[in-house]
Amino acid sequence: MSQPDTGGEKTPARTAPTVVVAGGGTAGHIEPALALADAVTRLRPDATVVALGTERGLETTLVPDRGYRLELIPPVPLPRKPTKELLRLPLKVRDAVKRTRAVFDRVGADVVVGFGGYVALPAYLAARGRTPIVVHEANKHPGLANKVGARFAAKVAAAVPGTPLSGAEVVGIPLRRSITSLDRAALRAEARAHFGLDPDAPTVLAFGGSQGARSINEAVAGAARTFAEAGVGVLHAHGPKNSVAVREFPGAPPYVPVPYLERMDLAYAAADLVLCRSGAMTVAEVSAVGLPAVFVPLPHGNGEQALNAEPAVNAGAGLLVEDEALTPEAIAERVVPLVTDSERLAKMSAAAVGLGHGAADETLARMVLEAGGHGDGS
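Residues numbered from 1 in each chain as written. Predicted model: local features only at pLDDT ≥ 70, side-chain atom pairs only at ≥ 80, totals over all residues. Heavy atoms only, no water.

- We quote the UniProt Subcellular location (unreviewed entry) comment for the protein here in full: "Cell membrane".
- The UniProt entry for the protein carries this comment under Sequence similarities (unreviewed entry): "Belongs to the glycosyltransferase 28 family. MurG subfamily." (UniProt positions renumbered as here; feature names shortened; annotations may be inferred.)

## Regarding the UniProt feature "binding site: UDP-N-acetyl-alpha-D-glucosamine" (unreviewed entry) in the protein
Thinking step 1. Within this structure's numbering, the places UniProt gives as "binding site: UDP-N-acetyl-alpha-D-glucosamine" (unreviewed entry) are Thr26, Ala27, Gly28, Asn139, Arg176, Ser210 and Gln305.
Thinking step 2. In this fold, arginine 176 is placed in the loop between strand E7 (169-170) and helix H7 (177-180).
Thinking step 3. Ignoring anything within four residues of it in the chain, the contact list for arginine 176 reads Glu31, Ala35, Arg66, Met264 and Glu285. (Helix = DSSP H or I, 4+ residues; strand = E, 2+ residues; numbered from the N terminus. Contact = heavy atoms within 4.5 Å.)

## Looking at helix H5 (residues 120-127)
Thinking step 1. Of all eight residues making up H5, eight are buried, and the element is well covered by its neighbours.
Thinking step 2. Of the positions making up H5, those classed as buried are Ala120, Leu121, Pro122, Ala123, Tyr124, Leu125, Ala126 and Ala127.
Thinking step 3. Of the residues trailing H5, glycine 129 is marked for its positive phi of about 75 degrees. (Buried < 20%, exposed > 50% of the residue type's maximum accessible area, 1.4 Å probe, protein only.)

## Details of the nonpolar core
Thinking step 1. Formed by 31 residues in total, the largest nonpolar core has its most connected members in Leu205, Leu235, Leu261 and Tyr268.
Thinking step 2. The dominant element in this core, judged by the number of residues it contributes, is helix H11 (residues 264-270), at six residues.
Thinking step 3. Excluding residues within four positions of it along the chain, leucine 235 makes contact with Phe195, Leu197, Val204, Leu205, Ala206, Val256, Val258, Leu261 and Ala267.
Thinking step 4. Among the nonpolar cores identified, the runner-up in size contains 30 residues, and Ala33, Leu34, Val49 and Leu62 belong to it. (Core = buried A, V, L, I, M, F, W, Y, C linked by side-chain atoms within 4.5 Å.)

## Comments concerning the pattern of salt bridges
Thinking step 1. Applying the stated rule across the entire model yields 20 salt bridges.
Thinking step 2. Across the pair arginine 177 and aspartate 361 runs a salt bridge, and its minimum N-O distance is 3.2 Å. Of this pair, arginine 177 sits in helix H7 while aspartate 361 sits in helix H16 (residues 360-371), placing them 184 residues apart in sequence.
Thinking step 3. For aspartate 361, a relative accessible area of 1% puts it in the buried group.
Thinking step 4. Between arginine 366 and glutamate 362 there is a salt bridge, with the nearest N and O atoms lying 3.8 Å from each other. Of this pair, arginine 366 and glutamate 362 both sit in helix H16, four residues apart, roughly one helical turn.
Thinking step 5. The exposure class of glutamate 362 is buried, given its relative accessible area of 16%.
Thinking step 6. Overlapping salt bridges bring together Glu31, Asp38, Arg66, Arg176 and Glu285 as one network. (Salt bridge = Lys/Arg side-chain N within 4 Å of Asp/Glu carboxyl O.)

## Thoughts on the pairing of strand E4 (residues 111-114)
Thinking step 1. Neither face of E4 is left uncovered, since the one carrying Val111 and Val113 and the one carrying Val112 and Gly114 both have all their residues buried.
Thinking step 2. In this structure, E4 lies alongside strand E5 (residues 133-137), joined through three bridges in parallel fashion. Across the sheet, residue valine 113 finds its bridge partner in E5, namely valine 134.
Thinking step 3. Regarding topology, H5 serves as the crossover connection from E4 to the parallel E5, and that connection is right-handed. (Pairing = 2+ DSSP bridges. Right-handed = clockwise from strand over helix to strand, strands pointing away.)

## Details of the sheet that holds strand E8 (residues 203-207)
Thinking step 1. Taking strand neighbours across the sheet as the criterion, the six strands line up as E10-E9-E8-E11-E12-E13 in an open arrangement whose pairing is parallel. Only two strands of the sheet have a single neighbouring strand rather than two, namely strand E10 (255-258) and strand E13 (318-320). Pairs of neighbouring strands in the sheet enclose a mean axial angle of 15 degrees, with direction left out of account.
Thinking step 2. Where strand E9 (residues 233-237) and E10 come together, four bridges link them in parallel fashion. Opposite histidine 236, over in E10, you have proline 257 as the bridge partner.
Thinking step 3. Taken strand by strand, helix H12 (residues 280-289) contacts E8, strand E11 (273-276) and strand E12 (293-295), and its axis lies near 165 degrees from that of E12. (Axes fitted to C-alpha atoms, helices over the stretch in contact; angles between N-to-C directions.)

## Re the domain arrangement of the protein
Thinking step 1. Domain boundaries in the protein define domain 1 (18-175 + 358-372) and domain 2 (178-352).
Thinking step 2. Put simply, the middle of domain 1 and the middle of domain 2, counted by C-alpha atoms, are 30 Å apart.
Thinking step 3. At the interface, 16 residues of domain 1 touch 14 residues of domain 2.
Thinking step 4. Note on domain 1 versus domain 2: buried area summed over both sides is about 1,200 Å², and carbon and sulfur give 72% of it.
Thinking step 5. When the buried area of domain 1 at its contact with domain 2 is split by residue, Asn139, His141 and Leu175 rank highest and sum to 44% of it.
Thinking step 6. One can count one residue pair in polar contact (both at pLDDT 80 or more) joining domain 1 with domain 2.
Thinking step 7. The element that contributes the greatest number of residues to the side of domain 1 that touches domain 2 is helix H1 (residues 27-43), accounting for four residues.
Thinking step 8. In terms of residue class, the side of domain 1 that touches domain 2 is built from eight nonpolar, five polar and three charged. (Domains from an automatic or database assignment. Buried area = accessible area lost by both parts, 1.4 Å probe. Polar contact = N/O pair within 3.5 Å; in protein donor to acceptor, adjacent residues only side chain to side chain. Nonpolar A, V, L, I, M, F, W, Y, C, P; charged D, E, K, R; others polar.)

This is how it looks when you write it as structure tokens:
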């Protein structure tokens, strides 16, 4: 069959997009950025994704471990409120912006995606007027970097309704497919064996974010005897810079302390109940996998962690315990009776279903590719 006459014109060659993600510092910034990166490369296998970071953050290990290129820039500490000095671009910001622009030029950035924090601010300022920007805000109250970036972004995405950024589209938080596709029941035996936990005992997963939390560490470790006497196992991630000393109780389910959880999917599969901070990423993951939760909001900042936990608590999928109220006695009174009540746990798990946005990664990826002029299939 003859081909249609195109007048000698050739179809333009398909160009491969280059996406730069800026989300360094803590796992709460890095993991959504990497989930987006995974979604971009699923939609466009020819895409290149480059991550911005600094020498101080967890990105120095998390990004290379996930197979992405990492470019380092100087850290820019952010004031809690806008100041005239920020608008005048002090020397640290100016140097970071200059070096970030050099990265964009070197990698051929088509679009820059920021997730807030001290890596995002220089990325936004370096991209302004040169490269399309997409901002993703995980919290209801935006941080300073995202407030700045949203002013000149091509697209703004938010995790929750009511985020006060102009034109924000609610998409949820991008999560790893290992989380959104997790079958906790199917992985339970493997997960328990992986961590050396009792295969059958009710089990609490306790952690305070990627760095750990002293109040959670002290309360959970202090309740070790209570857990043992109730026949409850514990998987406790105390943070890489912390440690906990827990006495062994013969015949009781193991209490397993670890510095960091590299396999969060297995940690979630091993648990019947989680006791944790309520950072936006943590709440999204816990809800996505249907884990009943006891949330202990970070007592600092602008109260965003308590707000993050509200939907799960209101839906009956979680409880909220204030940081100052978290004691070994509170664990004995509230956590142990809950984790040993299988009927109540089942109701809480069912309530968690539907709270999250399981397709947030690909929804955001399509926004990013469109902003960069590539689309997801063109």
